[in-house]
Amino acid sequence: QVQLVESGGGSVQAGGSLKLSCAASGYMYKCDMAWYRQVPGRERDVVSIIGNDGSTWYADSVKGRFTISQDNAKDTIYLQMNGLKVEDTAVYYCAGTFYEFWRPCPKGPADYTHWGQGTQVTVSS
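To start, this report covers the structure provided alongside it. All values derive from a computational prediction rather than experimental measurement. (Residues numbered from 1 in each chain as written. Predicted model: local features only at pLDDT ≥ 70, side-chain atom pairs only at ≥ 80, totals over all residues. Heavy atoms only, no water.)

## Looking at the sheet that holds strand β3 (residues 18-25)
Next up, step 1: Taken together, four strands build an open sheet; the order of strands is β1-β3-β8-β7 and the sheet is antiparallel. A single partner strand is all that each edge strand has here, and the edge strands are β1 (3-7) and β7 (66-71). The mean angle between the axes of side-by-side strands here comes to 15°, regardless of whether they run parallel or antiparallel.
Next up, step 2: Here β3 pairs with strand β8 (residues 76-81) via six bridges, running antiparallel. Paired with leucine 20 across the strands is leucine 79, a residue of β8. (Pairing = 2+ DSSP bridges. Helix = DSSP H or I, 4+ residues; strand = E, 2+ residues; numbered from the N terminus. Axes fitted to C-alpha atoms, helices over the stretch in contact; angles between N-to-C directions.)

## Observations concerning the layout of surface pockets
Next up, step 1: Taken as a whole, the largest pocket spans an internal volume of roughly 170 Å³.
Next up, step 2: What lines the largest pocket is Asp32, Tyr36, Val46, Ile49, Gly51, Ser55, Thr56, Trp57, Gly108, Pro109, Ala110 and Tyr112.
Next up, step 3: Elements that contribute at least two residues to the lining of the largest pocket include exactly β4 (29-38), β5 (45-50) and β6 (56-58).
Next up, step 4: By residue class, the composition of the lining of the largest pocket is seven nonpolar, four polar and one charged. (1 Å grid on protein atoms, 1.4 Å probe; cavity = no way out; pocket = protein on both sides within 12 Å on 5 of 7 lines; lining within 4 Å. Points joined across faces, edges and corners; volume = space filled by probe spheres on them. Nonpolar A, V, L, I, M, F, W, Y, C, P; charged D, E, K, R; others polar.)

## Some points on the nonpolar core
Nonpolar side chains tend toward joint burial in soluble globular proteins.
Next up, step 1: The biggest cluster of nonpolar side chains holds 26 residues, and the ones touching the most others in it are Met33, Trp35, Phe66, Leu79, Met81 and Tyr92.
Next up, step 2: Among the elements of the structure, β3, β4, β5, β7, β8, β9 (90-99) and β11 (119-124) are those that each provide at least two residues to this core.
Next up, step 3: Residues contacting methionine 81, with those up to four places away along its chain left out, are Gly16, Ser17, Leu18, Leu20, Arg65, Phe66, Tyr92 and Val121. (Core = buried A, V, L, I, M, F, W, Y, C linked by side-chain atoms within 4.5 Å. Buried < 20%, exposed > 50% of the residue type's maximum accessible area, 1.4 Å probe, protein only. Contact = heavy atoms within 4.5 Å.)

Structure, rendered in structure tokens:
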């Protein structure tokens, strides 16, 4: 089965940095992967997306501060978060689309097939 395991969350002062990791396993074909975040009582929001071709997308709120990257040899994606703000406090989730058999990958916004367990990021003033 596909598994996504996140790590790297923690507590940091405003202006600090954290790097999140998401290791994927158990898949045959991979499409886009993404980072989402959610605050209790609010809807889950997409933060950044990375395609299998290396293309990237960022929410306006994190542009210039966050960087998504991937290491295909390790089946891992990362989210480098710099200049953290209190508003970045949330549970961060790794998501991706994985298939047992090849099929065209979705284009544009997608409903990801698999999600990680989430990792807490807390930014204090």
